[in-house]
Amino acid sequence: MIVQGLAFYMFAAILVASAVMVISARNPVHSVLFLILSFFNAAGLFILIGAEFVAMILVIVYVGAVAVLFLFVVMMLDIDFRALRSGLLRYLPIGGTVGLILLVELAVVLGAWAVAPEATTGVAAPLPPPEITNTRAIGQLIYTQYVYLFQASGLILFIAMIGAIVLTLREREGVRRQNITRQVSRRREEVVAVRKVPTRGGV
Amino acid sequence: MVEFWNGYAWPTIWIVIQIVAIIVPLLVAVAYLTYAERKVLAAMQLRQGPNLVGPFGLLQPFADGLKLFAKETVIPSGANRVVFVAAPMMTFFLGLVAWAVIPFGEGIVLANINVGVLYLFAISSLGVYGIIMAGWASNSKYAFLGGLRSAAQMVSYEVSIGLVIITVLLCVGSLNLTDVVLAQRTVWFFIPLFPMFVVFFISALAETNRAPFDLPEGESELVGGYNVEYSSMTFALFFLGEYANMILMSAMTVILFLGGWLPPLDVPPLNWIPGPIWFALKIALVLFFFLWVRATVPRYRYDQLMRLGWKVFLPFSLVWVLLTAGVLIAFDWLPK
C-alpha cells in the first residue's frame, strides 16, 4: 500500500506542477511539452486506479496524436514572447471567470453524488465483476447499453472532421498533380516517337 | 527489517536484475545490428565492409562507440539547451522502455500486462517526440524541416499500424502479448493475414524512419535532417535509440505475425530449441529484410510517401478490418 500511496503522490504532484507550468511557461513550445508531461502523469493515475485501458488510450490519442499536432502548429508560429506576456492582466478576468464556473460545476456534480446517493446508480452502469479485464468491460458497455450514444458521438466527430476539411480546403489554380494510374498505364508507343533525323537538318 | 527486505528491497533488486538482463543483450544487439547493416550492405554492393578491427571487423561497433564517446559535445549557441539535450535522451529512453512488455518465451516477460499491445503502440507513437524536439531545439532550418517531416510521417503511418493491430486483435480476442503469441499455435497470422503483414512491415519501415522512408534524415536534401546539429554522445543516443526501435518493430512484427517464440512446427528437433532462441532468430530475419530494403529501394518523394500512407494503406487496412471481422462472425470463429 505504501508504494501505491507514494506513486499516487508522485504522479499527482508532478501532474499539478506541470499543469501550472503549462499556463505559466514563457515559451509556448515548453507549454506544450509540459502539457504532454501532465497527460503522462494523468495516465499514471489511471493505472493506479486499475483503469489501464483508459490510461493507454490517453497516451495514444492525446500524447501520440493530438499533442504532436499541437506541437507542430506551435513550433511554426512566429511568436513575440513579450507581446504574449503583456495581455495577462487584460485576459485574467475572463479566464478566471471561466475557470471559476468550471470549478463550481465540478463541485456541483461531485456534490450531487454525496447529497443524493441514488443518483450514482442512475448515471452509472453497474460495475462489472472484477475477473473481467477493464478493456472487455468497457467494450461490453459501450457496444450494448450505450451503443446509440457511442455511435452518436462517433457521428459528431465525423461531422466535425468533414467540417474542418471543408473549411480549410481551397482549390488552387494551376497546381500540377501526379496521377499515378495514368503514369503507370502509359505505354511506350503513346509517348515516344522515333524519328529519322537527317544530319544537320533538325527535326 | 526482514519484512522490509522481503516486501520492498528484494522485489526492487529482482526487478533491476531483470531489467539489466533485458537491456544489456539489447544494447549488444544494437551494436551488432550496426555491424550487420554495414556487412549486409557491403555484400549487396560487392564490397568488403568493416574488416580491420578485430577478427572479421567484429570489434568495429565498439571502436565506433569509443570514438563517439571521446568526442566533444557541441551545443549550438542558438539552441534551446534543455530541449536540445533532452531530445536524444528521450529517443533512447523510449527505445528501451518498450521492451518491458515483450514476451521472450512462455512466461519470460518483465511485465505481463493486460494491455501489452496498446502499451507498445503508445510507446512507438511517442517516438516522434525525440525527433520533433531535436528539430525544433537545434534552431537550424535543416533540422527543423527534418523534424516536421518526421512528425507528419509517423502520425500518418501510425493510423494504418493501428488498424493492422486491430485486425490481429480480432483474431486473438485479447490485448495481452502472451495471448497473441499463444493464439498462433495452430497457424501463424502472417498466412491468413498476409496483406496485413506486408502493410505492417512497410509501415514499420516508415515508423522507424528507415529507407526508403528516411526523409527526416534525407542527406541528399537535408544534410542529415533532425540530427544535423548533434555530435558525440547526443548523436550516439539518437543512433542507439533508432536501432533499438528497429529491433523493437521487428519484435512486434514477430509477435503479431510470425508466432513469437513458437517453433515453426511443433515437432522434435524443432521444439527442443528454447523459445527465446526462436524469437531472436525470427527478429534477425525481419531485421535482415529491413537492411535488404535499404540496399535495394530508392528513397520515396515526400508527396508519394503521404499518398501511400493515407490513400493506399489506410483504406486498404480498413477494408481488411471489416473483412476479417465479417469472416470471423460468418464462420463463428470469434475467439471467446
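Everything below is about the structure printed above this text.
The paragraphs below set out a description of the structure included in this document. (Residues numbered from 1 in each chain as written. Chains lettered and ligands numbered in written order. Predicted model: local features only at pLDDT ≥ 70, side-chain atom pairs only at ≥ 80, totals over all residues. Heavy atoms only, no water.)

A cluster of basic side chains, namely A:Arg170, A:Arg172, A:Arg177, B:Arg307 and B:Lys311, defines a positive patch on the protein surface. Tracing the sequence through the fold places A:Arg177 in the loop between helix H8 (147-168) and helix H9 (180-185). Look at A:Arg177 and you get exposed, because its relative accessible area is 68%. (Patch = residues over 30% accessible without salt bridge, like charges linked within 9 Å, V, L, I, M, F, W, Y side chains within 5 Å. Areas by Shrake-Rupley, 256 points an atom, 1.4 Å probe, with all protein chains shown as cover. Salt bridge = Lys/Arg side-chain N within 4 Å of Asp/Glu carboxyl O. Lys, Arg positive; Asp, Glu negative; His and termini not counted. Charge placed at Lys NZ, Arg CZ, Asp CG, Glu CD. Helix = DSSP H or I, 4+ residues; strand = E, 2+ residues; numbered from the N terminus. Buried < 20%, exposed > 50% of the residue type's maximum accessible area, 1.4 Å probe, protein only.)

Inspection of the secondary structure puts A:Ser18 in helix H1 (residues 2-24). Sequence-distant contacts of A:Ser18, defined by excluding residues within four places in its chain, comprise A:Phe34, A:Leu37 and A:Ser38. (Contact = heavy atoms within 4.5 Å.)

Take the packing of aromatic side chains next. Residues and elements named next belong to chain B. If you walk through the whole model with that rule in mind, you get 25 aromatic pairs over all chains. Summarising the aromatic geometry, the rings of phenylalanine 289 and tryptophan 292 are spaced 5.5 Å apart at their centres and angled 45 degrees between planes, so their arrangement reads as tilted. Residue phenylalanine 289 and its partner tryptophan 292 are both found in helix H10 (residues 275-296); the two are separated by three residues, about one turn of the helix. For tryptophan 292, a relative accessible area of 38% corresponds to the partly exposed category. An aromatic cluster is built from Trp188, Phe190, Phe194, Phe197, Phe200 and Phe257, whose rings are joined through pairwise contacts. (Phe/Tyr/Trp six-rings, centres within 6.5 Å; stacked < 30°, edge-to-face > 60°.)

Looking now at unusual backbone geometry. Residues and elements named next belong to chain B. With a phi angle near 55 degrees, phenylalanine 56 is a residue other than glycine that sits in the positive phi range. Tracing the backbone through its elements, the reader meets phenylalanine 56 in the loop between helix H1 (2-44) and helix H2 (60-70). According to the relative accessible area criterion, phenylalanine 56 is exposed, its value standing at 65%. One non-glycine residue, asparagine 139, adopts positive backbone phi at about 60 degrees. Mapped onto the secondary structure, asparagine 139 falls in the loop between helix H4 (116-137) and helix H5 (141-172). Judged by its relative accessible area of 54%, asparagine 139 falls in the exposed class.

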